[in-house]
Amino acid sequence: MFATTQRSHLCGALRLSDAGTAVTLGGWVHRSRNLGGLVFIDLRDREGLLQVNFGPDWAGADVIAAAAAVGVESVVIIEGTVMPRPAEMRNADLATGEVEVQATSIRVVGPAVTPALPVARGKNDKLPAEELRLRHRYLDLRRPELQANLMLRHRLLQVTRRFLSDRGFLELETPILTKPTPEGARDYLVPSRVHPGEFYALPQSPQIYKQLFMCCGFDRYFQLARCFRDEDLRQDRQPEFTQIDIEASFIGREDIMALSEELVACIWREAGHEVAAPFQRMSYADCMERYGCDRPDLRYGLEVHDFTASFATLDFGVTRSVIDAGGRVRGIRVPGGAAWSRKQVDELEGLAKSAGAGGLLRVKKAEGKLEGPVAKFLTPEAEEALALADGDLALLVAATDRISSPALDRVRQECARRLGLVDEHARHFLWVTDFPMFDKDPVTGALAAVHHPFTAANADDVAQYPDAPEKWRALAYDCVLNGLELGGGSIRTSDPRVQSRMFTLLGIGDEAEQERRFGFLLEGLRAGAPPHGGIAFGFDRMSMLLSGGTSLRDVIAFPKTTAARALFENAPTTVPAADLAELNIRSTVDGE
RNA sequence: GGGGGCGUAGCUCAGCUUGGUUAGAGCACUCGACUGUCACUCGAGAGGUCGCGGGUUCGAGCCCCGUCGCUCCCGCCA
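As the structure is a prediction and not an experimental result, all values here were calculated from the model.

Each value, and the rule that gives it
- Residues numbered from 1 in each chain as written.
- Chains lettered and ligands numbered in written order.
- Predicted model: local features only at pLDDT ≥ 70, side-chain atom pairs only at ≥ 80, totals over all residues.
- Heavy atoms only, no water.
- Helix = DSSP H or I, 4+ residues; strand = E, 2+ residues; numbered from the N terminus.
- Contact = heavy atoms within 4.5 Å.
- Areas by Shrake-Rupley, 256 points an atom, 1.4 Å probe, with all protein chains shown as cover.
- Lys, Arg positive; Asp, Glu negative; His and termini not counted.
- Charge placed at Lys NZ, Arg CZ, Asp CG, Glu CD.
- Near = heavy atom within 4 Å.
- Polar contact = N/O pair within 3.5 Å; in protein donor to acceptor, adjacent residues only side chain to side chain.
- Nonpolar A, V, L, I, M, F, W, Y, C, P; charged D, E, K, R; others polar.
- Buried < 20%, exposed > 50% of the residue type's maximum accessible area, 1.4 Å probe, protein only.
- Pairing = 2+ DSSP bridges.
- Axes fitted to C-alpha atoms, helices over the stretch in contact; angles between N-to-C directions.
- Left-handed = near helix turned anticlockwise from the far one by under 90°.
- Phe/Tyr/Trp six-rings, centres within 6.5 Å; stacked < 30°, edge-to-face > 60°.
- Patch = residues over 30% accessible without salt bridge, like charges linked within 9 Å, V, L, I, M, F, W, Y side chains within 5 Å.
- Salt bridge = Lys/Arg side-chain N within 4 Å of Asp/Glu carboxyl O.
- Disulfide = S-S within 2.5 Å.
- pLDDT = per-residue confidence, 0-100.
- Core = buried A, V, L, I, M, F, W, Y, C linked by side-chain atoms within 4.5 Å.

Per the secondary structure count, chain A includes 17 helices and 22 strands. In terms of principal-axis extent, the alpha carbons of chain A reach across some 95 × 75 × 55 Å. If you take every contact in chain A between residues at least 6 apart in sequence, the share linking residues at least 24 apart comes to 67%. When the accessible area of chain A is evaluated, it comes to approximately 29,200 Å², of which 51% is carbon and sulfur surface. Distance between charge centres in chain A, computed from 69 positive and 82 negative side chains, equals 2 Å.

In structure tokens form, the structure reads like this:
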């Protein structure tokens, strides 16, 4: 398949069964070893490494001299014969290690300057600084690890396309130049030359377009969609990213969740992992109650418990005042935590405080005795509720749930890490369902969409609490793996009047304002919209997990730094004033 | 927008605690030797704006202030 007019095989593909074959190979000089009369070159292509041998019995002196002179990372084309290696000279570390090619000619077709970064690395060599790897990305991407990552990414893209296409989903493209939506994340804006003073935005997601496809009757859509958000970056967040975007008509939650489980299993299988479906499900309320988090890592326990009832009678000021004010006392039991030093527990308290808690109450049981600031106040009922075994440590937060949940989440995760409870090979998939529709700002009372403004509400909740939207649950669902959000979606509002009411509840302007900003969606819905819904998966994150990496930058060919800068091509950059003038734009930055 | 870490040869790092002659090592590079290596080995050599700017000092890679870059985290990410 890879044979061309210039080469016959891929270097890394040759095996013992190819012995005796005359080959012409093109590749990069990974490393070379010059033993005097004998020269070895490890030739590399995307398939792997191959040892090429230049010896006087089959190659002329001029060929050997040329092989000895070629620098690493140069591109060469060699001719020769595949030979089995003598048993004692085989290399078990190399897929091609049972053979070598005895070369009769070498031609340097792409001489390389001395590389700024090493591509061939020793077993214990550290990677160069990421800044340098990004600046010299053309070299970094030659590394077998990154080649493997991008080739895996390709396979995951293809298997996703095949899976969805086979099920009748149409791959439809949506615009990259779109309308600014001043909700949610910041948009990347693109000035219009033709229309002075007006701007496009790059899409944060194809959300509205895919809903319009449903209105058009393309009842199953998908796209491997590039999305853009002008927010600050993280290890797992890039300003442009790829999502598997799916939408379908005449479906409910169960349809989307079943389809998604199949898709995820298919993708994981492509990477060599079997996934058990159906996935566990848990309501948002249960997640928050038991784990303090809407995407819990279920590879370990350390569940959060409520001790409010048994602490209500305690004559202890801290818990007393919180409970009287409507708060709760919640916490986790840490087996073996009693052995931790004061300093170690203080560090945990630091985590809780950084998450907003006032402090972390500790009770430990050592040699049958309870210890800690609250110990002497404990009633027999409270002791029984804590249910500490010898060596256990209880870590409690007395506060409103809004404060205690994130604090206990942080503490729980750190305790699991310290206790070695996190099984790196385990995969615990989870559906989180029944999110609230709205998040109510505790200060202003304003409602904000937890998912997005197009999500449909649970009809029973709307009927039961018509005037208390903060009690409505959304028909939304998140797919979680080991505490990471893989994707999320919802059933959408397909009634334009209901959609308009949602905008009103969210404080998105009057009717005229709604028409101006979201009219193109409302018009589509009014023209006859089927019930529909969908989901989007973070494809980069999936690729990262399946390639075994921890940074999105290792599965994206040309990523941005955390300062949202491209170091290789050096973007963004200033442009000549004349270019700005043509766009009717003037920079306010000094010195421009 | 805020906080932490890092920045010394092409690469990875030591040196900084306690300021003091000519800033070191490994790899890579150049030259030489070597016919079975596979991180070849051996010998020799070259290679430095100690991120940048300012300050303290008789003297700064080292101390202080500022700044830039990368990175991790918080905010943010409907």
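On to the protein's contact with RNA strand B, then. If you check the shell around RNA strand B, you find 49 residues, and the closest are Asn34, Ala116, Ala129, His451 and Thr562. Thr562 places a side-chain nitrogen or oxygen 2.3 Å from a phosphate oxygen of RNA strand B. Sorting the residues of the surface near RNA strand B by element identifies strand 1 (22-34), strand 2 (39-45), strand 3 (48-54) and helix 2 (130-135) as the ones contributing at least two each. Considering only residue class, the surface near RNA strand B consists of 18 nonpolar, 13 polar and 18 charged.

A word on the pairing of strand 3. Where burial is concerned, most of strand 3 is hidden: 5 out of the 7 residues are buried. Across 7 bridges, the pairing between strand 2 and strand 3 is antiparallel. By the bridge assignment for strand 3, Ile41 is matched with Val52. Bridging between strand 3 and strand 5 (residues 99-110) involves 2 bridges; their strand directions are parallel. Residue pairing in the sheet places Asn53 in a bridge with Gln102 of strand 5.

Let's shift gears to the environment of Gln102. Structurally, Gln102 is set in strand 5. Along the chain, Gln102 and Leu447 lie 345 residues apart, while their C-alpha atoms are 73 Å from each other. If we ignore the near neighbours within four places in the chain, the residues touching Gln102 are Asn53, Trp58, Glu79, Gly80, Thr81 and Met83.

Another aspect to go through is the sheet that holds strand 2. Strands in a sheet are paired, the pairing made by backbone hydrogen bonds, and the direction either parallel or antiparallel. Reading around the circumference, 1-2-3-5-4 is the order of the 5 strands in this closed barrel, with mixed pairing throughout. Each adjacent strand pair in this sheet contributes to an overall mean axis angle of 55°, direction not counted. Both strand 4 (residues 75-84) and strand 5 contribute to a ladder of 10 bridges, which runs antiparallel. Paired with Ile78 across the two strands is Ile106, which belongs to strand 5.

Right, let's get into the packing of helix 10 (residues 342-354) against helix 12 (residues 401-419). Relative orientation of the contacting elements helix 10 and helix 12 amounts to 145°, with a least axis distance of 7 Å. Classified by chirality, the crossing of helix 12 by helix 10 is right-handed. Listed contacts from helix 12 to Gln344, Glu347, Leu348, Leu351, Ala352 and Ser354 of helix 10 are Ala407, Arg410, Val411, Glu414, Cys415 and Arg418. By residue class, the composition of the contact of helix 10 with helix 12 is 6 nonpolar, 2 polar and 4 charged.

Moving on, we get to the packing of helix 4 (residues 144-166) against helix 6 (residues 253-270). Look at helix 4 against helix 6: their axes get within 9 Å of each other, and the N-to-C directions meet at 145°. Remark: the crossing between helix 4 and helix 6 carries right-handed chirality. Contacts between helix 4 and helix 6 pair Arg155, Leu156, Val159, Thr160, Phe163 and Leu164 from the former with Leu259, Glu262, Leu263, Cys266, Ile267 and Glu270 from the latter. Each residue belonging to the contact of helix 4 with helix 6 can be placed in one class, and the counts come to 8 nonpolar, 1 polar and 3 charged.

Scanning the entire structure with this criterion turns up 16 aromatic pairs. Ring centres of Phe454 and Phe503 lie 6.2 Å apart, and the angle between their planes is 85°; on these two criteria the pair is classed as edge-to-face. Here the residue Phe454 occupies a position in the loop between strand 19 (447-449) and helix 13 (459-464), and Phe503 occupies one in helix 14 (residues 496-505), the gap between them amounting to 49 residues. Of the residues examined, Phe454 reaches a relative accessible area of 6% and is grouped as buried. Where Phe503 meets Phe518, the ring centres are 4.6 Å apart and the plane angle is 15°; that geometry is what we call stacked. Pair noted here: Phe503 is in helix 14 and Phe518 is in helix 15 (residues 511-526), with a separation of 15 residues, a long-range link.

A surface patch of nonpolar side chains, amounting to about 310 Å² of accessible area, comprises Tyr138, Phe558 and Phe568. Locating Tyr138 in the fold gives a position in helix 3 (residues 137-140). Given the relative accessible area of 42%, Tyr138 is considered partly exposed.

Another aspect to go through is the state of the cysteines. The full count for this structure, using the stated rule, is 0 disulfides. The thiol of Cys227 is not disulfide-bonded; the next cysteine sulfur, from Cys479, is found 17 Å away. Taking relative accessible area as the criterion, Cys227 reaches 0% and is therefore assigned buried.

Taken residue by residue, chain A gives an average pLDDT of 93. The fraction at 70 or more is 99%. Taken over the whole predicted complex, pTM reads 0.94, whereas the ipTM for its chain interfaces reads 0.92.

Counting 38 residues, the largest nonpolar core has Ile244, Ile246, Ile267, Trp268 and Phe537 as its most contacted members. At 9 residues, the largest contribution of residues to this core is made by helix 6. Contact partners of Ile244, with chain neighbours within four places excluded, come to Thr160, Leu164, Gln223, Leu224, Leu263, Ile267, Ile535, Ala536, Phe537, Phe539 and Met542. Among the nonpolar cores identified, the runner-up in size contains 27 residues, and Ile208, Ala457, Ala474 and Met502 belong to it.

Take the pattern of salt bridges next. In this structure the tally under the stated criterion is 45 salt bridges. Close ionic contact of Arg142 with Glu73 constitutes a salt bridge, the shortest N to O distance being 2.8 Å. Linking Arg142 in the loop between helix 3 and helix 4 with Glu73 in the loop between helix 1 (61-69) and strand 4, this pair joins segments that are 69 residues apart in sequence. In this structure, Arg418 and Glu347 form a salt bridge, with 3.1 Å as the shortest nitrogen-oxygen distance.

This part covers the sheet that holds strand 15 (residues 369-371). Across the sheet, 5 strands lie side by side as 12-13-16-14-15; this open sheet has antiparallel pairing. Strands with a single pairing partner mark the edges of an open sheet, and in this sheet they are strand 12 (304-306) and strand 15. In this sheet, adjacent strand axes meet at a mean angle of 25° when their direction is disregarded. Relative to strand 16 (residues 393-399), strand 13 (residues 328-334) is paired through 7 bridges, and the arrangement is antiparallel. Residue pairing for strand 16: Val334 is matched across the bridge by Leu393. Contacts from helix 10 reach strand 14 (361-366) and strand 16, with the element oriented near 145° to strand 14.

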